[in-house]
Amino acid sequence: DCNCEAKLDVTAAMDLAFGYRNIWFDHKSYGSASTSHITRPCSNNKKSHFEIEDADEVDKMEIRIDLWNASNLKFGDEFLGELRLPLKFLRQSSSYEAWYFLQPRDNGNKSLKPDDLGSLRLNVVYTEDHVFPSDYYSPLRDLLLKSADVEPVSASAAHVLGEVCREKQEAAIPLVRLFLHYGKIVPFISAIANAEVRRTQDPNTIFRGNSLTSKCIDETMKLAGMHYLQVTLKPIIDEICQVHKPCEIDPVKLKDAENLETNRENLRQYVDRIFTVITKSGVSCPTVMCDIFFSLRESAAKRFQGDPDVRYTAVSSFIFLRFFAPAILSPNLFQLTPHHPDPQTSRTLTLISKTIQTLGSLSKSKS
């Protein structure tokens with residue numbers, strides 16, 4: 001198998017008909033009409049992974065970049081143009097930067113000149129890893145799976161892997177999938193979390209950094225908790241997106257027809273309903289997440305015995321600040337909505353998310 005990764009960075013744009021918000025990044029075979037969607041639209045910087053069983057097929061594939069204007073979701077996204085990069089050219093250099101003219105979809109409009117749709121300057125970094133049969137990795141797999149039992153855990157293979165990776169996420173993603181598959185994710189996370197708690201001096205900063213522990217728990221929640229997130233939040237997120245109740249509480253940003261007190265009450269009702277469904281959703285929380293949170297609570301309470309709140313903040317720092325709040329803020333990235341919300345709805349979700357973060361951190365609002 002050939003494991004491919006392409007990182008796309010849009011560094012500049014010229015002569016576009018509209019400003020753009022969404023970029024779709026696909027890979028496609030020259031000889032096939034099917035296209036696999038790789039990433040959700042989120043920003044101008046993309047990283048995509050895709051696997052190809054036959055390495056010889058790579059030269060027959062291309063990356064397609066579609067540009068969309070999503071400012072008016074009522075009538076759907078507006079297609080601005082596309083460009084295609086054959087992988088056989090990207091394979092010649094690890095980094096490739098150039099200007100590209102946008103083209104109409106599938107060259108459908110023959111009357112357009114090459115520069116009618118504008119152009120993008122792209123920086124593309126393309127890498128390939130050739131994957132051997134799984135038997136080749138058995139010694140490494142077995143070594144990693146023993147990590148939870150190694151004393152100290154900082155000497156374990158998994159922990160060392162996390163230390164040598166510049167981005168903790170790069171280590172967390174494969175480690176979590178491995179330990180989840182073999183049913184050892186709870187003892188592994190408990191071990192590295194205990195070690196981190198012992199190193200923490202201030203209970204107010206517990207699990208607040210981007211450590212291997214935090215990234216592994218984030219990835220576990222993302223994999224094990226997606227259905228839980230859908231069941232808990234999707235109904236009310238759908239209502240917020242459809243009803244469009246004004247919730248702006250900044251007097252400077254109020255529209256002429258809006259009333260501050262009415263908006264504040266709308267926001268309060270939404271926050272109260274979301275906070276209630278979250279606090280009552282314990283029975284739906286996946287067992288693996290419950291077991292991890294129990295371990296975090298016990299470890300934090302043992303380390304900071306003089307702080308009665310630390311057993312709660314250790315858990316709330318994940319379940320509220322790193323799970324529910326980000327999903328409320330960007331529901332399209334968590335498959336709660338098909339598109340990025342319109343500006344008013346996005347502002348409402350931002351206010352709700354900030355309030356949920358404040359409630360989840362057990363702190364009083366300073367504003």
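We now turn to the structure provided with this report. (Residues numbered from 1 in each chain as written. Predicted model: local features only at pLDDT ≥ 70, side-chain atom pairs only at ≥ 80, totals over all residues. Heavy atoms only, no water.)

As for the packing of aromatic side chains
Under the counting rule described, the total for this entry stands at 7 aromatic pairs. Aromatic side chains tyrosine 228 and phenylalanine 323 sit 6.0 Å apart centroid to centroid with 20° between the ring planes, which places their arrangement in the stacked category. With tyrosine 228 in helix α7 (residues 226-243) and phenylalanine 323 in helix α10 (residues 310-329), this pair connects stretches of sequence that are 95 residues apart. Of the two residues examined, tyrosine 228 and phenylalanine 323, each falls in the buried class. The interplanar angle of 75° and the centroid separation of 5.7 Å between the aromatic rings of tyrosine 228 and phenylalanine 324 together place this pair among those described as edge-to-face. Taken as a pair, tyrosine 228 in helix α7 and phenylalanine 324 in helix α10 lie far apart in primary sequence, 96 residues in all. Classification of phenylalanine 324 by relative accessible area gives buried; the value is 0%. Members of the aromatic cluster, each reached through a chain of ring pairs, are Tyr228, Phe323 and Phe324. (Phe/Tyr/Trp six-rings, centres within 6.5 Å; stacked < 30°, edge-to-face > 60°. Helix = DSSP H or I, 4+ residues; strand = E, 2+ residues; numbered from the N terminus. Buried < 20%, exposed > 50% of the residue type's maximum accessible area, 1.4 Å probe, protein only.)

Quick word on the nonpolar core
Counting 61 residues, the largest nonpolar core has Phe188, Leu233, Ile274, Met289, Ile319 and Ile352 as the members making the most contacts within it. At 10 residues, the largest contribution of residues to this core is made by α10. Contact partners of leucine 233, with chain neighbours within four places excluded, come to Ile274, Ile278, Phe324, Ala327, Ile328 and Leu336. The next biggest cluster of nonpolar side chains, apart from the first, holds 19 residues, and it includes Val10, Ile63, Leu80 and Tyr100. (Core = buried A, V, L, I, M, F, W, Y, C linked by side-chain atoms within 4.5 Å. Contact = heavy atoms within 4.5 Å.)

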